[in-house]
Structures are given as structure tokens and as C-alpha cells.
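Summary of structural features
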Amino acid sequence: MTFDLFDNLPEPDSRGGEHSEAIGPGAVVLRGFALSRALALRQAIEQVHAQAPFRHLVTPGGFRMSVAMTNCGTLGWVSDERGYRYDPNDPDSGRPWPAMPAVFVELAREAAAAAGYPGFVPDACLINRYTPGTRLSLHQDRNERDLHAPIVSVSLGLPAVFLFGGARRADRPARIRVAHGDIVVWGGPSRLFYHGIAPLADGDHPLLGTLRLNLTFRKAG
DNA sequence: GAGTGCCG
DNA sequence: GTAT
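Naming follows an unreviewed UniProt entry, where chain A appears as Alpha-ketoglutarate-dependent dioxygenase AlkB of Cupriavidus cauae. Recorded under Catalytic activity (unreviewed entry), the UniProt text for chain A is reproduced unchanged: "a methylated nucleobase within DNA + 2-oxoglutarate + O2 = a nucleobase within DNA + formaldehyde + succinate + CO2". A UniProt comment under Sequence similarities (unreviewed entry) is attached to chain A, and it reads "Belongs to the alkB family."

Here it is as C-alpha cells:
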């Protein structure tokens with residue numbers, strides 16, 4: 001007598017291996033959702049980077065973040081010794097953040113709708129660049145004016161372990177592997193849940209080499 | 001009004 | 001794996 005341990009695994013649907021997994025109340029992972037647009041997304045990120053280079057921000061406590069960041073959209077998330085905030089201008093250049101590429105807006109809109117949040121129109125996109133060893137410890141996204149809108153988080157390049165906790169920092173986070181093309185969407189009851197990224201493992205991705213790039217879409221204003 | 005930070 |  002043998003048991004098939006895989007009997008209860010969710011079956012990918014017919015769209016080229018795409019499927020979704022619930023990870024919490026109002027929270028879902030859309031597997032492979034961004035895959036077909038990965039090349040266009042990489043090109044768009046390069047264009048943003050040309051106008052607003054990646055940089056390592058400093059936390060209010062004075063610590064340099066290991067993740068390098070830039071933004072596009074009408075508002076960008078920034079941190080310095082004075083605190084966290086959304087700013088219409090890049091503090092390094094004094095100029096407005098680059099416009100959000102159309103491929104970004106459309107992907108975020110579609111992903112949110114697929115996760116049960118129709119009508120999502122992001123005005124801020126934080127772009128995070130991870131190299132092996134880089135992490136983002138548990139935190140909440142709560143500087144946005146509109147907490148009704150969800151968070152849409154797109155993974156590109158090297159895989160990572162997404163930590164998805166609860167409403168309190170002490171809630172033990174689930175460890176969810178996120179790969180190239182996956183999108184995590186959370187909102188409603190889980191909008192303020194703590195989350196983070198475990199230290200990135202070494203690796204070499206065919207499209208992005210030794211990098212993980214993450215796009216986080218928000219309605220901040 | 002602190003905090004997406006570090007360590008063994 | 002965890003400890004704050």
C-alpha cells in the first residue's frame with residue numbers, strides 16, 4: 001500500500017502554469033502572473049534607473065538598508081534620519097520621480113483584480129534591488145493615505161522567501177517561496193500585516209543574473 | 001512617535 | 001530552527 005503525498009496539492013490551471021494560492025485573509029500569491037511581461041518590466045526598470053538610480057536608504061535609527069531602492073510614480077517611498085514618508089521628488093536629484101511605465105500600471109491593475117481588488121490604480125511604485133545576503137526585516141506598510149487599496153508585490157529574478165506574518169510583530173510569519181514572475185497581493189483584513197524578505201540565497205537567474213528585483217505598488221496619496 | 005537595522 |  002502506498003500513499004500519494006501529492007494528492008492534495010493545488011493543480012495549476014490551464015494558463016501556462018499560472019495559479020493562485022491563498023496565504024491569509026485577503027492575501028494571495030499569483031504564481032507566474034508576470035512571467036510573460038518580465039522582459040518589458042526589466043526594460044522599464046532600466047529606464048527608471050537611468051533617471052533615478054538605486055540607492056541605499058538610511059532608517060530613522062541611522063542604519064543603512066541592505067536593499068537598494070528607487071521609485072517611480074507621482075509619489076516615492078523614502079526613509080532618512082527624519083523618518084519614513086512619501087515624497088513627490090527624488091531627494092537625491094530634487095526632481096520628480098520618473099513616471100510609472102504603462103506596463104507597470106497595467107500589470108498592477110490586472111494582478112489586483114485577479115486577487116479580488118478591482119479598480120486598483122497605483123500612484124507609487126517602490127523598486128527594491130536585492131543581492132545575495134540582502135534582506136528586509138519584518139515591517140508594516142502603513143504610510144499610505146488610503147489603506148483600502150491593496151499592496152501588489154511583483155518578484156523578478158532570483159527566488160526569495162517572503163515572510164508573511166500577522167497584525168502583530170510577534171505573530172510568527174509564514175515562509176513563502178516567491179519566484180520570478182510571482183505576484184503577492186494583500187489587502188482588506190491583511191492590509192497592515194507584518195511582512196519581510198529573508199536573506200537572499202546565492203544564485204544565478206537567466207534574465208537577471210545575481211539579482212532579485214521587487215516592484216511594490218501602492219496607492220499612497 | 002518609532003520605525004523596513006545589526007549581532008551571537 | 002530561535003533568542004529581542
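Picking up after the structure, the text goes on.
This brings us to the UniProt feature "domain: Fe2OG dioxygenase" (unreviewed entry) in chain A. Taking the numbering used here, the UniProt-annotated feature "domain: Fe2OG dioxygenase" (unreviewed entry) corresponds to residues 121-221. Secondary structure across residues 121-221 comprises 0% helix and 42% strand; the distance between its end C-alpha atoms is 11 Å.

This next bit is on the protein's contact with DNA strand B. Near DNA strand B lie 14 residues; those nearest to it are Phe63, Trp77, Ser137, His139 and Arg169. For DNA strand B, the fraction of protein-proximal atoms (within 4 Å) that sit in sugar or phosphate groups is 42%. Residue Ser137 places a main-chain N or O atom 2.7 Å away from a phosphate oxygen belonging to DNA strand B. Mapped onto the surface near DNA strand B, the elements with two or more residues apiece are β5 (83-87) and β7 (136-139). Residues that form the surface near DNA strand B fall into these classes: seven nonpolar, four polar and three charged.

Tallying each qualifying case throughout the model produces six aromatic pairs. On the basis of an interplanar angle of 90° and a centroid distance of 5.8 Å, the ring pair of Phe104 and Phe217 is categorised as edge-to-face. Of this pair, Phe104 sits in helix α2 (residues 102-114) while Phe217 sits in strand β13 (residues 212-218), and the two are 113 residues apart along the sequence. Overall, the relative accessible area of 0% leaves Phe104 in the buried class. Of the residues examined, Phe217 reaches a relative accessible area of 0% and is grouped as buried. Arranged with centres 5.9 Å apart and planes meeting at 65°, the rings of Phe164 and Trp186 form a pair that is edge-to-face. Residue Phe164 is located in strand β9 (residues 160-164), and its partner Trp186 is located in strand β11 (residues 183-186); the two are separated by 22 residues in the primary sequence. Among the aromatic residues, ring-to-ring pairing joins Phe162, Phe164, Trp186 and Phe193 into one connected group.

Okay, α2 next. Look at α2: 18 Å from first C-alpha to last across 13 residues, which is about the 18 Å you get at 1.5 Å a residue. The set of residues buried in α2 consists of Phe104, Leu107, Ala108, Ala111 and Ala112. Each buried residue of α2 sits inside an arc of 125° when the element is viewed along its axis, so together they form one side. Phi turns positive one or two residues past the end of α2, at Gly116, with a value near 100°.

Within the open sheet, the four strands sit side by side as β7-β12-β9-β10. Their pairing is antiparallel. This sheet does not close on itself; its edge strands, each paired only once, are β7 and β10 (174-178). The average undirected angle you get between the axes of adjacent strands in this sheet is 20°. Where β9 meets strand β12 (residues 195-197), three bridges bridge the pair, whose relative direction is antiparallel.

On to helix α1 (residues 38-51), then. For α1, built from 14 residues, the straight-helix expectation of 20 Å at 1.5 Å per residue is met to within 8% by its first-to-last C-alpha distance of 20 Å. The inward-facing, buried residues of α1 contact β3 (68-73), α2, β6 (124-130), β8 (151-157) and β13.

What counts as what
Residues numbered from 1 in each chain as written. Chains lettered and ligands numbered in written order. Predicted model: local features only at pLDDT ≥ 70, side-chain atom pairs only at ≥ 80, totals over all residues. Heavy atoms only, no water. UniProt positions renumbered as here; feature names shortened; annotations may be inferred. Helix = DSSP H or I, 4+ residues; strand = E, 2+ residues; numbered from the N terminus. Near = heavy atom within 4 Å. Polar contact = N/O pair within 3.5 Å; in protein donor to acceptor, adjacent residues only side chain to side chain. Nonpolar A, V, L, I, M, F, W, Y, C, P; charged D, E, K, R; others polar. Phe/Tyr/Trp six-rings, centres within 6.5 Å; stacked < 30°, edge-to-face > 60°. Buried < 20%, exposed > 50% of the residue type's maximum accessible area, 1.4 Å probe, protein only. Expected span 1.5 Å × (residues − 1). Arc of directions from axis to C-beta. Pairing = 2+ DSSP bridges. Axes fitted to C-alpha atoms, helices over the stretch in contact; angles between N-to-C directions. Contact = heavy atoms within 4.5 Å.

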